[in-house]
Amino acid sequence: MLDNLIIFVLAAFVGFEVISKVPQTLHTPLMSGSNAISGITIVGALVVAGMVGGTWSKWLGFVALIAATINVVGGFLVTDRMLQMFKARERRVSAPAEKAETAEAATAS
């Protein structure tokens, strides 16, 4: 048990250092790309919840399953929101160009 706790703490420190070095412009695309990989945590949580004998372990696996599912779904929602922001930007760029063409057509008449 102590070995697992030590590995978890070291992995948390390494993960924090790796993520803190990623520039902000790359963070969201990298996160959206890793959502599919995060599905593996759901499989691991299902294994923990289904293959252990103790009641406490089953509840812990269930909590892990819920947390992993929230992580994956939340990541996809953030990715969708990011893509919607890019679509809105394309509309904003084209709208002033259309107004300029309309104004030129009105002055030419």
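Residues numbered from 1 in each chain as written. Predicted model: local features only at pLDDT ≥ 70, side-chain atom pairs only at ≥ 80, totals over all residues. Heavy atoms only, no water.

Caption draft 1: How the structure looks around the overall build of the chain. Assigned secondary structure in the chain consists of three helices and zero strands. Taken from the N to the C terminus, the helices and strands of the chain come in the order α-α-α. For the chain, with 109 residues in total, the buried portion stands at 9%. (Helix = DSSP H or I, 4+ residues; strand = E, 2+ residues; numbered from the N terminus. Buried < 20%, exposed > 50% of the residue type's maximum accessible area, 1.4 Å probe, protein only.)

Caption draft 2: Looking closely at the environment of Ser20. Along the chain, Ser20 turns up in helix α1 (residues 2–20). Residue classification places Ser20 among the partly exposed positions, given a relative accessible area of 41%. Engagement of the side chain of Ser20 in a polar contact is seen with the backbone oxygen of Glu17, the distance being 3.0 Å. (Polar contact = N/O pair within 3.5 Å; in protein donor to acceptor, adjacent residues only side chain to side chain.)

Caption draft 3: View of the packing of aromatic side chains. Within this structure, the stated rule accounts for one aromatic pair. When the centroid spacing of 5.9 Å and the interplanar angle of 90° are considered together, the rings of Trp59 and Phe62 count as edge-to-face. Of this pair, Trp59 and Phe62 both sit in helix α3 (residues 55–108), three residues apart, which is roughly one turn of that helix. Trp59 gets classed as exposed once you look at its relative accessible area, which sits at 55%. Overall, the relative accessible area of 40% leaves Phe62 in the partly exposed class. (Phe/Tyr/Trp six-rings, centres within 6.5 Å; stacked < 30°, edge-to-face > 60°.)

Caption draft 4: Spotlight on a nonpolar patch on the surface. Residues Leu2, Leu5, Ile6, Phe8, Val9, Leu10 and Phe13 make up a contiguous nonpolar surface patch of about 740 Å² in total accessible area. With respect to the element layout, Phe13 can be found in helix α1. Since its relative accessible area comes to 57%, Phe13 is described here as exposed. (Patch = residues over 30% accessible without salt bridge, like charges linked within 9 Å, V, L, I, M, F, W, Y side chains within 5 Å. Areas by Shrake-Rupley, 256 points an atom, 1.4 Å probe, with all protein chains shown as cover. Salt bridge = Lys/Arg side-chain N within 4 Å of Asp/Glu carboxyl O.)

Caption draft 5: Inspection of the pattern of salt bridges at higher detail. Enumeration according to the criterion identifies one salt bridge in this entry. The residue Glu17 makes a salt bridge to Lys21 at a minimum N-O spacing of 3.4 Å. Residue classification places Lys21 among the exposed positions, given a relative accessible area of 61%.

Caption draft 6: Focus on the environment of Ile70. Here Ile70 is to be found in helix α3. In this structure the C-alpha to C-alpha distance between Ile70 and Ile42, which are 28 residues apart in sequence, comes to 9.9 Å.

Interpretation in functional terms is not warranted from these geometric data alone.
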